[in-house]
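# Architecture at a glance
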Amino acid sequence: MTTEATARPVDAEELRRRTAELLAAHPPATTERLDFLRARFAAGLAWVHFPEGLGGLGAPRALQAVVDEELAAAGAPDNDPGRIGIGLGMAAPTILRYGTEEQRQRFLPPLWTGEEVWCQLFSEPGAGSDLAGLATRAVRDGDSWVVDGQKVWTSGAHKARWAILIARTDPDAPKHRGITYFLCDMTDPGVEVRPLRQITGEAEFNEVFLTGVRIPDSRRLGEVGEGWKVAQTTLMNERVAIGGNRIPREGGMIGVAAADWRERPELRTHDLHQRLLRLWVEAEVARLTGERLRQQLIQGQPGPEGSGMKLSFARLAQEISGWEVEFLAEDGLTYDSWTHTGSDVLSFIGREAGYRYLRAKGNSIEGGTSEVLLNIVAERVLGLPSEPRTDKDVAWKDLPR
């Protein structure tokens, strides 16, 4: 039965009304954080553009800012997006698009509230830039799949409950057509996580070994053999998530560099000034381009333009951090700790220049290497001819390795 409330159009005024009702029923000052987040999801104010019953109201994506601003002004807790970014930015849109109704109902609520953390089991030691060449096997055994293989560069695997996983299910098919997409329980027998220490001293990334891991067919996402198509949704959202975060003017790393310039006049030189001005302008252009990309996202699924944003983000992060280390001279070489820790949240801003310089080196690798993304931009954005590929119609088992 349709009520008056659900019959009303979901515009900004309606969202403010629903947000006010949420705050009245669950005052942030007296409501447990998790209880508030669950109530927010149930009210459709988690992702307002998602369908009703799945954390949303079918409203325009742009109106999410209305809810976020009202809740922030009221001191309401957020869901710690930095900790659960892979779930929010990659798993959720993929499950929404390809998941069954049962999968959506099971996985989306605890994903959004942060009760269940996600990681991404895609890259392998022999399948990074050429992800479609992956060798992790999934073999059907009744109502389950038995998975064996190795994944690498897995952010957050040490804290994740669930993983989005792609594995080869048909070695006789060409590499892009013999892959299937699964949701893997990281607590299942046969899943082993080993930390990979980075140049920063931290271990954000891991290698994951899968030995006889049984995944029920009910946790398959999409059709058998169509995992590459499903994975493209994940990858496009990943690149938008990495390169398209909303930041204020002179925010992020360029803001730190500009603050250094203002606070240390004794270190200024003409050459450093010219380089900083160029980087500031490029960072602002990238920020405005990101705003335009988000407007495009309001109209539908992310496209290959996100690859361009991720490219820009990686280059600017490396150039700005390099400028900062050079500007600060010997102070730029200091480093607070080389302690081997499993980092939970990545923050370029919360540490010193030396950390930013070292960590930024990974930006051109993670989320798709810059070389691969240049090809995507050339072919899918600019419409340039594709590079010749001789392996498109060759069975994966026959490819040289």
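Values in this document were obtained by computation on a predicted structure and should not be read as measured data.

Reading the values: the criteria
Residues numbered from 1 in each chain as written. Predicted model: local features only at pLDDT ≥ 70, side-chain atom pairs only at ≥ 80, totals over all residues. Heavy atoms only, no water. Helix = DSSP H or I, 4+ residues; strand = E, 2+ residues; numbered from the N terminus. Buried < 20%, exposed > 50% of the residue type's maximum accessible area, 1.4 Å probe, protein only. Contact = heavy atoms within 4.5 Å. Areas by Shrake-Rupley, 256 points an atom, 1.4 Å probe, with all protein chains shown as cover. Lys, Arg positive; Asp, Glu negative; His and termini not counted. Charge placed at Lys NZ, Arg CZ, Asp CG, Glu CD. pLDDT = per-residue confidence, 0-100. Core = buried A, V, L, I, M, F, W, Y, C linked by side-chain atoms within 4.5 Å. Disulfide = S-S within 2.5 Å. Phe/Tyr/Trp six-rings, centres within 6.5 Å; stacked < 30°, edge-to-face > 60°. Patch = residues over 30% accessible without salt bridge, like charges linked within 9 Å, V, L, I, M, F, W, Y side chains within 5 Å. Salt bridge = Lys/Arg side-chain N within 4 Å of Asp/Glu carboxyl O. Axes fitted to C-alpha atoms, helices over the stretch in contact; angles between N-to-C directions. Parallel < 35°, antiparallel > 145°, perpendicular 65-115°, else oblique. Left-handed = near helix turned anticlockwise from the far one by under 90°. Nonpolar A, V, L, I, M, F, W, Y, C, P; charged D, E, K, R; others polar. Pairing = 2+ DSSP bridges.

### Here's the deal with the overall build of the protein
Counting its regular elements, the protein contains 12 helices and 8 strands. Referenced to the eigenvectors of the C-alpha coordinate spread, the extents of the protein come out at roughly 70 × 65 × 45 Å. When burial is assessed residue by residue, the protein has 51% of its 401 residues classed as buried. Counted over contacts in the protein with a minimum sequence separation of 6, partners at least 24 positions apart contribute 70%. Only carbon and sulfur atoms are counted for the fraction: they give 53% of the accessible area of the protein, which is about 19,100 Å². Put simply, the protein has 48 plus and 58 minus side-chain charges, and the middle of one group is 3 Å from the middle of the other.

### As for the confidence of the model for the protein
In regions of low pLDDT, the predicted coordinates are not meant to be interpreted in detail. Mean pLDDT over the protein works out to 89, with 91% of the residues at or above the 70 mark. Considering only residues more than four positions removed or in separate chains, one finds that residues 1-6, a stretch of pLDDT under 50, has 6 contacts.

### Some words on the nonpolar core
Core analysis: the biggest nonpolar cluster contains 35 residues, and Trp47, Trp118 and Tyr181 have the highest contact counts within it. Secondary structure elements with two or more residues in this core: helix H3 (33-42), helix H5 (85-98), helix H6 (101-113), strand S4 (162-168), strand S5 (179-185) and helix H7 (227-243). Per-element tally for this core: the top contributor is H5, with 8 residues. Excluding residues that lie within four positions of it along the chain, Trp47 makes contacts with Phe41, Leu54, Gly55, Gly56, Leu57, Gln64, Leu88, Ala92, Leu108, Leu111 and Trp112.

### Some thoughts on the state of the cysteines
The tally for this structure, following the rule as stated, stands at 0 disulfides. Between Cys119, a free cysteine, and Cys184, which holds the nearest cysteine sulfur, the sulfur-to-sulfur gap is 7.8 Å. Judged by its relative accessible area of 0%, Cys184 is buried.

### Regarding unusual backbone geometry
Here Trp153, not a glycine, exhibits a phi torsion of approximately 60°, which is positive. Topologically, Trp153 is positioned in the loop between strand S3 (144-151) and S4. Even without a glycine there, the phi angle at Ala329 is positive, about 55°. Among the secondary structure elements, Ala329 is positioned in the loop between helix H10 (305-328) and helix H11 (353-359). Of the residues examined, Ala329 reaches a relative accessible area of 33% and is grouped as partly exposed.

### Considerations on the packing of aromatic side chains
Summed over the entire model, instances satisfying the criterion amount to 11 aromatic pairs. An angle of 75° between the planes, with centres 5.6 Å apart, marks the rings of Phe107 and Trp118 as edge-to-face. Highlighted residues: Phe107 in helix H6 and Trp118 in strand S1 (residues 118-121), separated in sequence by 11 residues. Summarising the burial analysis for this pair, Phe107 and Trp118 share the class buried. Seen from their ring centres, Trp323 and Phe327 are 4.9 Å apart, and the 10° between their planes marks the pair as stacked.

### Side note on a nonpolar patch on the surface
Together, Val381, Leu382 and Leu384 make up an exposed nonpolar region whose accessible area comes to about 270 Å². Relative to the assigned elements, Leu382 resides in the segment after helix H12 (370-381). In this structure Leu382 comes out as exposed when scored by relative accessible area, which is 58%.

### Some thoughts on the packing of H3 against H6
Taken N-terminus to C-terminus, the directions of H3 and H6 make an angle of 135°; their axes are 9 Å apart at the nearest point. When the interaxial angle is binned, H3 and H6 end up oblique. The chirality of how H3 crosses H6 is right-handed. Across the interface between the two elements, Leu34, Leu37, Arg38, Arg40 and Phe41 from H3 touch Leu108, Pro109, Trp112 and Thr113 from H6. Across the contact of H3 with H6, the residue classes break down as 6 nonpolar, 1 polar and 2 charged.

### A word on the pairing of strand S7 (residues 205-216)
For a regular strand, side-chain orientation follows a simple rule: the groups alternate between the two sheet faces. Inspection of the sheet shows S3 paired to S7 by 7 bridges, in the antiparallel sense. In the strand pairing of S7, Val146 is matched with Arg214.

### A short note on the pattern of salt bridges
Tallying each qualifying case throughout the model produces 38 salt bridges. A salt bridge links Asp141 to Arg214, with the nearest nitrogen and oxygen atoms 2.7 Å apart. Remark: Arg214 occurs in strand S7 and Asp141 occurs in strand S2 (residues 137-141); sequence separation between them is 73 residues. The class of Asp141 is partly exposed, set by a relative accessible area of 41%.

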